[in-house]
Amino acid sequence: MKSSVRGGRSAVRLFGTLAVALSLVVAGTACAAGGQPTDENGNVEVGDPQPGGSLTVLLDAGFAGGWATGLDPATSNTTGANLPQNAAIFGGLFTLEPGEDGEGGQIVPNQAEGYEWSEDGLTLTVTLRDGITFTDGTPFNAEAVLWNWIRELSSGSTGAPRIDLNTSLEPPQLDQAFLDDLFAALPEDVDRDALNGRLNAIRVVDDLTIEMHLNAVNGSLINGFPGANLNLIASPTAYKEMGARTFSEKPVGAGPFIVTANTQSQRLELEKNPDYFKDGLPYLDALNFQSAAGDQVLYQSLLAGDGQVVEGLSSVTLIQEARNNPDVQVVLGTPTSPYVIQLNTRKPPFDDKRAREAIYYATDFAAINKGLFNDEGEMSQSFTASGGLFWHDTVPGYREYDPEKAAEIVEEIGGLTVRLGTTDIVTARSVTTALQTQWEEAGIDVQIDAEPLGDVINRFLAGDWDALLQTAGAWDPSVGIGVGVRFGSTSPFSGAPLPEGAANAGDAIAQGLTTELDDMLAAAIATTDDDERFEVYQQISKYISDEAYAPFGMAFSPAQVMKKGVHGPGLDQPIPALAVNQGVLYDRVWIEESAR
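As annotated in an unreviewed UniProt entry, the chain carries the name Peptide/nickel transport system substrate-binding protein and comes from Microbacterium immunditiarum.

As structure tokens, this is what we get:
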């Protein structure tokens, strides 16, 4: 088994298995240099940021460019995909910043001033920076955070994290006007008992301090903030004045930009927040997000001058074309999330382990990596990749490509017909087409369904799927669309078996039923010791492999492609991808005057 390191990057990885990924970064940076002077580390010297100008960012309609359920953090179902818009509007309590040495990343308090765990690890205390206001002029304080966190955990968003709160504490004294406003902002059918329990567990200490009380240690909670809706704090006053629908279209936060116009899933226009809490920021006067269908349209729109940045270009052919274009910069981050074929074990045909094994043996991801990604993807047999924490890419006993064995199994079970779904983006469609060819060679009949992200989410929620090509994993594997979301029995995005005796996920939660895999997933965050967490993640990988729940493939970090003269963290300064695309810290993005 290949060795790896825990919780970060090492020289071994830099010069070993990561050579390919790093060469891409170097290649991208070299292309970005375009003859510009570099410092002693080879980084392009870009000079001091220049304030002013406007920027249009082009986003794939099949992922980040879709926000059909709006941008209210409590009710959006695409929070994890809409990181660009959220970073611009809300900023965030915490941010994932570039590593100090240019490698990896680190969690940094942003609107939060800091955080502290109690000695027993069961109470998280977050302090807020003094003097921050929402863009409607109202205070950004602990009561506003409480209003947001309760809504975000109670409004039914699929982006809400699952946190084991200690709901048994004595009810706190809360202002009746606050409660009235909170209840008015929640669904009419909200579970009142669950809501009251959350109000017991999340408590305002003073104007700038809030506590979250847990039943068990959660070693990944802070790491999960930058990709979760809990990180996004909206103005309660603005919500009350605007109403749910208008607020979801023009939410009010305390981030670097203010929403001025929004056509859902098409175009979002923002202007600079003149009262932003960081002096001198943001640099840009205006920021727009434009949705476009597919990599080819995105890249051509960039060349036509319809935008200055493409976030998350994944077509290898176009990335190479961009590298050869002296007018643009290309930067790849290190990947965190491999492709995975999730198999729905809760219904035929994949309730039969033999059918799942046939998919493993029929799948040749190495060939797809070579054919579609020029061998530049990083192969993995688990839910991690080199840009994230707790990376391990091989798993003992993993079933590798063996088409003859696949064909034997298909014959033994009397044939196999599969609906293979995916999000409707060009790279995912190409991968599913290649899989279809491989599987049909093993005698498997395949129907491909490529659908918008919202439809894929609805298919997950309805359980109406056989196999779905997705990505799995995150910077911290237990947060975001990490291993718990893909394989926890009560996650709406999981195809792993339900606990014995449970009729559905809600029933499992109500009865407190878990699977062996659920227990391992819980153990992975039940400690803050990274060595212990790493050992449990290895056990989880082997369990998923042994049960043949989902074959993994290549991890590939989409490229940030920019016109020359655009700079900022997450663009020409790589940050590990929280899930699929790397985040961009838009308050520090700037554009050279000569490029405007």
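As a further point, take the sheet that holds strand E17 (residues 467-471). Two strands in a sheet stick together by hydrogen bonds in their backbones, pointing the same way (parallel) or opposite ways (antiparallel). Overall, mixed pairing links the six strands, which are arranged E14-E18-E13-E17-E15-E16 in an open sheet. The open sheet has two edge strands with one neighbour each: strand E14 (378-379) and strand E16 (444-451). Bridging between strand E15 (residues 416-423) and E17 involves three bridges; their strand directions are parallel. Bridging across to E17, Thr-422 finds its partner in Leu-469. Each of strand E13 (338-343), E15 and E16 touches helix H12 (residues 353-362); the most contacted strand, E15, lies at about 65 degrees to it. Packed onto the sheet, helix H15 (residues 426-441) meets E13, E15, E16, E17 and strand E18 (552-555) and runs at close to 170 degrees relative to E16.

Before going further, it helps to spend a moment on the sheet that holds strand E4 (residues 112-117). A sheet is described by the order of its strands in space; here four strands give the open sequence E4-E5-E7-E6, paired in antiparallel fashion. With one partner strand each, in any of the chains shown, E4 and strand E6 (202-206) form the two edges of the open sheet. Here the average twist between neighbouring strands, direction ignored, is 20 degrees. Here E6 runs beside strand E7 (residues 209-213); their pairing, made up of four bridges, is antiparallel. Pairing of Ile-202 across the sheet is with Met-212, part of E7. Packing against the sheet, helix H4 (residues 142-154) makes contact with strand E5 (123-128), E6 and E7, and its axis sits at approximately 175 degrees to E6. Helix-sheet contacts for helix H6 (residues 192-201) involve E6 and E7, and the interaxial angle to E6 is about 35 degrees.

One can read the domain layout of the chain as domain 1 (92-98 + 105-235), domain 2 (265-334 + 557-591) and domain 3 (339-555). With centres defined by C-alpha atoms, the gap from domain 2 to domain 3 works out at 30 Å. If you look at the interface, domain 2 gives 12 residues, while domain 3 gives 14 residues. When domain 2 packs against domain 3, close to 900 Å² is buried across both sides, 59% of that on carbon and sulfur atoms. The largest contributions to the domain 2 side of the interface with domain 3 come from Ser-314, Val-316 and Leu-578, which together make up 42% of the buried area.

This part takes up the confidence of the model for the chain. Taken as a whole, the chain shows an average pLDDT of 88; of its residues, 92% reach a score of 70 or greater. Counted against residues more than four places away or in other chains, residues 1-37, with its pLDDT under 50, gives 65 contacts.

What follows concerns the packing of helix H13 (residues 365-373) against H15. Packed helix pairs are characterised by how far apart their axes lie and by the angle those axes make with each other. Remark: H13 packs on H15, axes separated minimally by 11 Å, with the N-to-C direction vectors making an angle of 135 degrees. Between H13 and H15, the angle is such that the two are oblique. When you trace H13 past H15, the crossing you get is right-handed. Taking contact as the criterion, the partners of Phe-365, Ala-367, Ile-368, Leu-372 and Phe-373 in H13 are, on H15, Thr-427, Ser-430, Val-431, Ala-434, Leu-435 and Gln-438. Taken together, the residues that form the contact of H13 with H15 break down as eight nonpolar, three polar and no charged.

One pass over the full model with this rule turns up 17 aromatic pairs. When the ring centre of Tyr-239 is taken as origin, the NZ or CZ atom of Arg-151, which lies over that ring, is 4.4 Å away. The positively charged end of Arg-399 is found above the aromatic ring belonging to Tyr-360, 5.8 Å away from the centroid.

When strand E8 (residues 257-263) meets strand E9 (residues 267-272), the two strands line up antiparallel, connected through six bridges. Within E9, the residue paired with Phe-257 across the bridge is Lys-272. Taken together, E8 and the strand that follows it, E9, pair antiparallel across an intervening segment of three residues, in which Ser-265 is found at a positive phi of about 60 degrees. For E9 and strand E10 (residues 286-292), the ladder comprises five bridges, and the chain directions are antiparallel. Bridging from a neighbouring strand, Glu-271 pairs with Ala-286 of E10.

About the criteria used
- Residues numbered from 1 in each chain as written.
- Predicted model: local features only at pLDDT ≥ 70, side-chain atom pairs only at ≥ 80, totals over all residues.
- Heavy atoms only, no water.
- Pairing = 2+ DSSP bridges.
- Helix = DSSP H or I, 4+ residues; strand = E, 2+ residues; numbered from the N terminus.
- Contact = heavy atoms within 4.5 Å.
- Axes fitted to C-alpha atoms, helices over the stretch in contact; angles between N-to-C directions.
- Domains from an automatic or database assignment.
- Buried area = accessible area lost by both parts, 1.4 Å probe.
- pLDDT = per-residue confidence, 0-100.
- Parallel < 35°, antiparallel > 145°, perpendicular 65-115°, else oblique.
- Left-handed = near helix turned anticlockwise from the far one by under 90°.
- Nonpolar A, V, L, I, M, F, W, Y, C, P; charged D, E, K, R; others polar.
- Phe/Tyr/Trp six-rings, centres within 6.5 Å; stacked < 30°, edge-to-face > 60°.
- Lys NZ or Arg CZ within 6 Å of the ring centre and 35° of its normal.

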